[in-house]
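Structure assessment
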Amino acid sequence: MRSRYFGASVLAMVVAQAAFVRANAQTVPVQTADAGSAPKGIEEVLVTASKRTEKLQKVPQSIEVLDNRKLRQLDITEFQDYIKYVPSLGSQNFGPNATTLYLRGVVDGGNANHSGPLPTVGSYLDEMPTTTIGGTLDVHLYDMARIEVLAGPQGTLYGASSESGTVRFITNQPNPSKFEAGYSLEGNTVDHGGLGGIAEGFVNIPITDKVALRLVAYDEHDAGFIDNVPATRTFPTAAGIFGPAAATINNDKFAKKDFNPADTVGGRAALRIDLNEDWTITPQVIFQDQRNNGTFAFEPSVGDLKVERFQPDTARDRWVQAALNVSGHIGDYTLTYAGGFFVRDEVTQTDYTDYSIFYDQPRFGSYGLYWTGNDGLPLKNPSQEIDGKDHFTKESNEIRLASPADDRLRFVIGAFQEEQGHRIIQDYLIQDLGDSITVPGWKNTWWLTDQQRTDRDVAAFGEVTYDVTDKFSILGGVRPYYYDNSLYGFFGFSSGFSSHTGVATCTPGKVFEDAPCVDLDKRTVGSGETHKINLTYKIDPDKLIYFTYSTGYRPGGINRRADQGLYDSDELINFEVGFKSSWLDHRLTWNSALYDEDWNQFQFAFLGLNSFTIVKNAPSANIKGAETAVDFRATDQLTLGGGLTLTDARLASAFCTDFNGTVLGGCSGANVDPDSIAAKGAALPFTPSVKGYATARYTFPIFDWEGYLQGDVSFQSRAEAGLRTSDKELLGSMPSYAVAGLSAGVTKNQLTLDFFVKNLADERGEENRYTPCTINVCAANVPGIPKALYVVPIEPLTVGIRLSQRF
């Protein structure tokens, strides 16, 4: 444990315990129902998905909500926890803060390259978008009001990168009406791994009756469970000159048990100022700093939860969001401004020895001879590592005006502006590399990416709803947009290494930061509209049915290679019917939706020659699905819940390219690259056809305490790990799995003691399968060398205990 472990959160805990306050109503004591009385109804949930506060059951669209109560009861603290309870939400996970989210199977399985397409799912932290190409923020989930998952295109109100949906993390806001505080201390142990723990606390301080300050702090240690086992590698080309012993390396310096721990600290400070009865200002700052070692994937060819790594694997991810929300009334109308600035810095080291090994095999001819020293001879140890530095910035501004929610004709109109930048440095290093093949100014660097990516977009938006009758409503929405995206800088080799990439192709006179020269200066602009039409019929006050037509998009982008052109924006068209209903005096809620989506000219990112990312517009895909969710309060003591999503996501027509990456109209002939073919009807990757969950919670008195028992199970069917036929054959598929959890606890006077078990049967569910270079190279079977196929598992069996208290 670090010396400061738990320190930040203990500060908030001490402040809370020092105050003398009455217990508040955040946690409702369990009460035994009187004989013959009806059980209580399910607590109403409020959401702001439509840019105004509404009851969840009254919003005619598919929304999954994990509110504050569910987040606490289900012990949801991070990404891996909440994705289990949202069946329509999927992911491609490479590790902490390197996860790409998907909704309803809208996924191409791309490699999330820094110069590739933007995500299809938008993410928001309160009112500010935080979507970045580097992966969804793995926000520590404490003192959260709720998570809202909006399935289907959200292009009208949320714009670019909300093509298939939006995930919103809503924090608890300062409250001037009362003092509140709380803390939580957790310890856990991971099977096959080590010990972990969490300390977190918050305090809400009313400064006056119009001003309040809310402070949150947390410190988390996640135990490692992947072992880097001792291993050796021999480089064939060098062995042929120096002898096998001289060309054999080992990983003794890096071998370690449980070598992938993660440590996260962070906090939040929010201030609410009620200027008067109509206007409120809320500035807020959120920060998080995460450090992790190792990889979060294992190599099946090496063993369960085992890898063989020969260079450092480390990462540090720091981000800060500063946001301002101003809201007030102009007559009967509500005017809201939401803006902010977001900064994220990632520093990484990644072992890339697999690339050296597989490209140095005899069947790849002279590749091994490329890596030579100043003596002109092949290096004995051409092992590679990648040193990365990523600096993200995002500035956004939105202003909107909303009419009263109870007007027969009501609207939300507004304007949005965003600019996001990404300074990218990827330094591919081989120690003792010869000067003649080293990128100028970068010692031991054989490949360098040093570039600036800038994505700008502006939009206007509006939605208008008209109640034709007291039961039937019509909504229409439109969002005209304009984007301007660019890439500028350097990527490639030295002129001594290559005559067609890098320094040899630079433009004279252009400079960029520390790059040797500039060989990349591309820009793409575009404009268009997204639309939404919704028809809603209220059967009675507790039941409604709806039909929705909506569209979403991602902006077009840039291929860095000179022989590859720009790629266009893609579009998702959604047709959806659904219903929302409450039954049995609001003790049962049942919501469902059916959808049919066409993903036209979707952006497909794949590794081409020499593991270089290429992005092309594939023809189209079709996704059909159904989703349902149920919450049932059977008695005052027993609550049941569950959800299920069925998805059929497939290519509508075949996709293939020639050997240079050019998309072809037909997939037969000598010019077709056989490794590029994705057949018509092929299942889209990372999309199980069945995914769901079920929960049960029973509360009961135990002496003068209130106790509970809870069980849950989540499950999903098999999913592919790639789109192209060759990728599927080499990567294999991710098997179906089911994960069970148990928890129990007691509560008295706002003091709670919980015991929990996650992944009860220690299932090895898979979240990703990948290779570090071109799949048909690194996933190939080479005698004497483990296949470089990596599997990202869910966390193994975890047992923990937690003490928490609220004041």
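Residues numbered from 1 in each chain as written. Predicted model: local features only at pLDDT ≥ 70, side-chain atom pairs only at ≥ 80, totals over all residues. Heavy atoms only, no water.

**A short note on a nonpolar patch on the surface**
To keep it simple, the criterion reads: Distance thresholds for patches are 9 Å for like charges and 5 Å for nonpolar side chains (Val, Leu, Ile, Met, Phe, Trp, Tyr), applied to residues having over 30% relative accessible area and no salt bridge. Calculation of accessible area relied on Shrake-Rupley with a 1.4 Å probe; when residues are assessed, cover is drawn exclusively from the protein chains displayed. One side-chain nitrogen of Lys or Arg within 4 Å of one carboxyl oxygen of Asp or Glu is enough to make a salt bridge. Comment: elements are numbered from the N terminus, with helices defined as DSSP H or I runs of at least four residues and strands as E runs of at least two. In this scheme, a residue with accessible area under 20% of its type's maximum is buried, one over 50% is exposed, and one in between is partly exposed, where area comes from a 1.4 Å probe on protein chains only.
Taken together, the side chains of L409, V464, Y466, V468, I474, I533 and L535 define a hydrophobic patch exposed on the protein surface, amounting to about 530 Å² of accessible area. Put simply, the parts of the chain that give the nonpolar patch at least two residues each are β23 (445-467) and β25 (520-540). Examined against the element boundaries, I474 turns out to sit in strand β24 (residues 472-492). Here I474 falls in the partly exposed class, since its relative accessible area comes to 36%.

**Quick notes on the state of the cysteines**
Put plainly, a disulfide is one covalent bond tying together the sulfur atoms of two cysteines. Under the convention used in this document: Criterion for a disulfide: a pair of cysteine sulfur atoms within 2.5 Å.
For the coordinates displayed, the defined rule picks out two disulfides. Here C506 pairs with C517 through a disulfide, and the sulfurs are 2.0 Å apart. On the sign convention where negative is left-handed, the bridge of C506 and C517, at about 60 degrees about the S-S bond, is right-handed. Highlighted residues: C506 in the loop between β24 and β25 and C517 in the loop between β24 and β25, separated in sequence by eleven residues. Looking at C517, the relative accessible area reads 11%, which means it is buried. Between the sulfur atoms of C656 and its disulfide partner C667 the distance amounts to 2.3 Å. In this structure, the disulfide formed by C656 and C667 twists by about -105 degrees around the S-S bond and is classed as left-handed. With C656 in the loop between β32 (638-651) and β33 (690-702) and C667 in the loop between β32 and β33, this pair connects stretches of sequence that are eleven residues apart. Its relative accessible area of 0% is what places C656 among the buried residues.

**Things to note about the sheet that holds strand β9 (residues 165-171)**
The following threshold applies: When DSSP finds at least two bridges between two strands, those strands are taken to pair.
Taking strand neighbours across the sheet as the criterion, the five strands line up as β3-β8-β9-β6-β7 in an open arrangement whose pairing is mixed. Across the chains shown, the open sheet's two edge strands, defined by having one partner strand only, are β3 (63-67) and β7 (128-129). Looking at chain direction, strand β6 (residues 121-125) and β9 are connected through five bridges and run parallel. Paired with Y124 across the two strands is R168, which belongs to β9.

**Here's the deal with the environment of V121**
Quick note on the threshold: By the convention used here, residues are in contact when the closest approach between their heavy atoms is within 4.5 Å.
Here V121 shows up in strand β6. On the basis of relative accessible area, V121 is assigned to the buried category, the value being 4%. For the pair V121 and L103, spaced 18 residues apart in sequence, the C-alpha to C-alpha distance is 6.9 Å. Beyond its immediate chain neighbours, meaning those up to four positions away, V121 contacts L101, Y102, L103, T131, S161, S164, G165, T166 and V167.

**Points about the pairing of strand β29 (residues 603-607)**
Strand residues, when the strand is regular, have side chains that alternate between the two faces of the sheet. Most of β29 is tucked away, with five of its five residues classed as buried. Residues Q603, A605 and L607 of β29 are buried on one face, and the alternating residues F604 and F606, pointing to the opposite face, are buried as well. As judged from the five bridges shared by β29 and strand β30 (residues 613-617), these two strands associate in the antiparallel manner. By the bridge assignment for β30, F606 is matched with I614.

**Observations regarding the confidence of the model for the chain**
Stated precisely, the cut-off is as follows: pLDDT gives the predictor's per-residue confidence on a scale running from 0 to 100.
Looking at the chain, the pLDDT average stands at 89 and 92% of residues meet or exceed 70. Within the model, the stretch residues 362-368 combines pLDDT values under 50 with 15 contacts to residues more than four positions away or in other chains.

**Looking at the pattern of salt bridges**
Inspection of the entire model under this criterion finds 49 salt bridges. When the shortest N-O distance is used, the salt bridge between E44 and K55 registers 3.4 Å. With E44 in the loop between α1 (7-18) and β1 (46-47) and K55 in strand β2 (residues 54-55), this pair connects stretches of sequence that are eleven residues apart. Judged by relative accessible area, which is 37%, K55 ranks as partly exposed. Bridged by salt links that share partners, the residues D75, D81, E186, D754, K758 and R802 form one connected network.

**Digging into unusual backbone geometry**
In the Ramachandran plot, K51 falls in the positive-phi region, its phi being about 70 degrees despite a non-glycine side chain. Examined against the element boundaries, K51 turns out to sit in the loop between β1 and β2. For D432, which is not glycine, the phi dihedral falls at a positive 65 degrees. For D432, the location among the structural elements is in the loop between β22 (409-429) and β23. The exposure class of D432 is exposed, given its relative accessible area of 60%.

**Observations regarding the packing of aromatic side chains**
In plain terms, the rule: Here a pair means two rings of Phe, Tyr or Trp (six-membered ring of Trp) with centres within 6.5 Å. Their orientation is stacked below 30 degrees between planes, edge-to-face above 60, and tilted elsewhere. Whether a charge sits over a ring comes down to the Lys NZ or Arg CZ being within 6 Å of the ring centre and within 35 degrees of the ring normal.
For the structure on display, the rule yields 31 aromatic pairs. Seen in terms of ring centroids, F579 and W590 are 5.0 Å apart; in terms of plane orientation they differ by 85 degrees. Their pairing is edge-to-face. Taken together, the residues span a long stretch of sequence, with F579 in strand β27 (residues 570-583) and W590 in strand β28 (residues 588-600) at a distance of eleven residues. Both rings, one in W599 and one in F602, keep their centres 4.5 Å apart while their planes meet at 20 degrees; by these two values the pair is stacked. The exposure classification of W599 matches that of F602, with both residues buried. The structure contains a cluster of three or more aromatic residues connected by ring pairs, namely Y352, Y355, W371, Y428, W446, W447, F491, F493 and F497. Directly above the aromatic system of W583 lies the positively charged group of K543, at a separation of 4.3 Å from the ring centroid.

**A short note on the pairing of strand β10 (residues 180-190)**
With respect to burial, β10 is a largely interior element, eight of its eleven residues being buried. Across ten bridges, β10 lies against strand β11 (residues 195-206) in antiparallel orientation. In the strand pairing of β11, N188 is matched with G196. Counted between consecutive antiparallel strands, the loop separating β10 from β11 contains four residues, among which H192 sits at a positive phi close to 70 degrees. Of the pairings in the sheet, the one linking β10 to strand β41 (residues 798-806) comprises nine bridges and is antiparallel in character. Paired with E186 across the strands is R802, a residue of β41.

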